[in-house]
Amino acid sequence: MDIKDISGGTRERMNKAIEALESNLSILRTGRANPGILKKVVVDYHGTPMPIDQLANITTPDSRTLNIQSWDRQALPLIERAIRDSDLGLNPNNKGDTIFISLPMLTEERRKDLIKNARTYAEDAKVAVRNIRKASLDDLKKLEGVGEDEVKRGEAEVQKVTDEYIRRVDDVTARKEQDILG
């Protein structure tokens, strides 16, 4: 292992932290219909927990409605119950072969809660990025046969990458906050 390997590994792990942040933010509801908000809803399908997207097709016929068409009609009541029991605050309407969810307008209080959640996810991502930096700096210090100047340059590179990813976390979060505010 050398300095380039450590630097590349640092970027790779920090990319995963950004992907996790984006995944977490995708489930936060904005004012528009987005199938991603149902991503973490799990349906108890014949004793097996399954994500909704493995049981049904989710579409957005307009900006305020989600349409869920199950491949198995008998799964519709299970899907409806899972959505109702989730913490999303949605009220699904079962029309026999399709479930419709009308998304209500977000209240100012709910928007503030969503932004608070987004900032919590962002802080978690920043902590992950900083932990990756710490691990990379520790790896640099453990390198054998490398001069002190090279280690210092490696540390500077890791810090530069860390700063870049912290900015990316802030950018991703700011975009989500704009979506929430409408």
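Residues numbered from 1 in each chain as written. Predicted model: local features only at pLDDT ≥ 70, side-chain atom pairs only at ≥ 80, totals over all residues. Heavy atoms only, no water.

Novice: Mind showing me how you'd approach the pattern of salt bridges here?
Specialist: Once their charged atoms are close, side chains differing in charge can pair, the charge on each being opposite to the other. Following the criterion strictly, the structure yields 7 salt bridges and no others. The partner of Glu164 in a salt bridge is Arg11, with the nearest N and O atoms 3.3 Å apart. Residue Glu164 is found in helix H4 (residues 148-181), and its partner Arg11 is found in helix H1 (residues 3-26); the two are separated by 153 residues along the sequence. Arg11 sits in the partly exposed class, given a relative accessible area of 30%. Residue Arg130 is joined to Glu123 by a salt bridge in which the shortest nitrogen-to-oxygen separation is 3.6 Å. Assessed through its relative accessible area of 34%, Arg130 is described here as partly exposed. (Salt bridge = Lys/Arg side-chain N within 4 Å of Asp/Glu carboxyl O. Helix = DSSP H or I, 4+ residues; strand = E, 2+ residues; numbered from the N terminus. Buried < 20%, exposed > 50% of the residue type's maximum accessible area, 1.4 Å probe, protein only.)

Novice: When you look at H1 in this model, what are you seeing that I'm missing?
Specialist: The α-helix advances 3.6 residues per turn, and as a result positions three or four apart in sequence lie on the same side. For H1, built from 24 residues, the straight-helix expectation of 34 Å at 1.5 Å per residue is met to within 8% by its first-to-last C-alpha distance of 35 Å. Here H1 has its buried residues at Ile6, Ser7, Thr10, Met14, Ala17, Ile18, Leu21, Leu25 and Ser26. Where H1 is buried, its residues meet helix H3 (108-142) and H4. (Expected span 1.5 Å × (residues − 1). Contact = heavy atoms within 4.5 Å.)

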